[in-house]
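Per-entry structural report
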Amino acid sequence: MTKTFTYDDVIRYLYAETTQNENESIAEALALDDDLMNFYLDSLEMKEQMNKIVRTPSDRSIQKIIHFSRQYSLKQSTNAVSC
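What you see is a predicted model; the values in this text were computed from it and never measured.

Now for unusual backbone geometry. Although it is not a glycine, Ala16 sits at a positive phi angle of roughly 55°. With respect to the helices and strands, Ala16 occurs in the loop between helix H1 (7-14) and helix H2 (20-32). Residue classification places Ala16 among the exposed positions, given a relative accessible area of 67%.

Rendered as structure tokens:
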């Protein structure tokens, strides 16, 4: 009996979330189904592109975090003194 694989199965395969038995079956299904293979290749390319994305916080965000941290530290030391 041939198992039908979904796009969700292909995504799990792409992220190595499948068992060895599933890997073999999915690899076979990819070889036999052009649509599934195209989806796999598109998803693989998208994953590689997403891994290249680098996000950095703005200077304003960093300053807000530092300000909060300093205020928090002051409150903690004030509470420790009053205990």
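Judged by side-chain polarity, Ile11, Tyr15, Met46, Met50 and Ile53 come together as a nonpolar surface patch covering roughly 490 Å² of accessible area. Note that Ile53 resides in the loop between helix H3 (34-51) and helix H4 (59-82).

A few words now on the packing of aromatic side chains. In this structure the tally under the stated criterion is 3 aromatic pairs. Ring centres of Tyr7 and Phe39 lie 4.1 Å apart, and the angle between their planes is 20°; on these two criteria the pair is classed as stacked. Taken together, the positions of Tyr7 in helix H1 and Phe39 in helix H3 put the pair 32 residues apart, joining distant regions of the chain. Given the relative accessible area of 23%, Phe39 is considered partly exposed.

Let us now look at the pattern of salt bridges. The full count for this structure, using the stated rule, is 2 salt bridges. Where Asp9 meets Arg12, a salt bridge forms, and the shortest distance between an N and an O atom there is 3.5 Å. Pair noted here: Asp9 and Arg12 are both in helix H1, with a separation of 3 residues, about one helical turn. The class of Asp9 is buried, set by a relative accessible area of 12%. The partner of Arg12 in a salt bridge is Glu22, and the shortest N-O contact between them spans 2.8 Å. Linking Arg12 in helix H1 with Glu22 in helix H2, this pair joins segments that are 10 residues apart in sequence. For Arg12, a relative accessible area of 27% puts it in the partly exposed group. If you follow the salt bridges from partner to partner, you end up with Asp9, Arg12 and Glu22 in one network.

Before going further, it helps to examine the side chain of Thr18. Mapped onto the fold, Thr18 is located in the loop between H1 and H2. Excluding anything up to four places from it in sequence, Thr18 contacts Asp9, Arg12, Tyr13, Asn23 and Ile26.

Right, let's talk about the nonpolar core for a bit. Listed in full, the 8 residues of the largest apolar core are Phe5, Val10, Leu14, Ile26, Ala29, Leu30, Leu36 and Tyr40. Those elements that place two or more of their residues in this core are H1, H2 and H3. Broken down by element, this core gets its largest block of residues, 3 residues, from H2. Setting aside residues up to four positions removed in sequence, Leu36 forms contacts with Phe5, Thr6, Tyr7, Val10, Ala29 and Leu30.

The rules behind the values
- Residues numbered from 1 in each chain as written.
- Predicted model: local features only at pLDDT ≥ 70, side-chain atom pairs only at ≥ 80, totals over all residues.
- Heavy atoms only, no water.
- Helix = DSSP H or I, 4+ residues; strand = E, 2+ residues; numbered from the N terminus.
- Buried < 20%, exposed > 50% of the residue type's maximum accessible area, 1.4 Å probe, protein only.
- Patch = residues over 30% accessible without salt bridge, like charges linked within 9 Å, V, L, I, M, F, W, Y side chains within 5 Å.
- Areas by Shrake-Rupley, 256 points an atom, 1.4 Å probe, with all protein chains shown as cover.
- Salt bridge = Lys/Arg side-chain N within 4 Å of Asp/Glu carboxyl O.
- Phe/Tyr/Trp six-rings, centres within 6.5 Å; stacked < 30°, edge-to-face > 60°.
- Contact = heavy atoms within 4.5 Å.
- Core = buried A, V, L, I, M, F, W, Y, C linked by side-chain atoms within 4.5 Å.

Keep in mind these values describe shape, not function.
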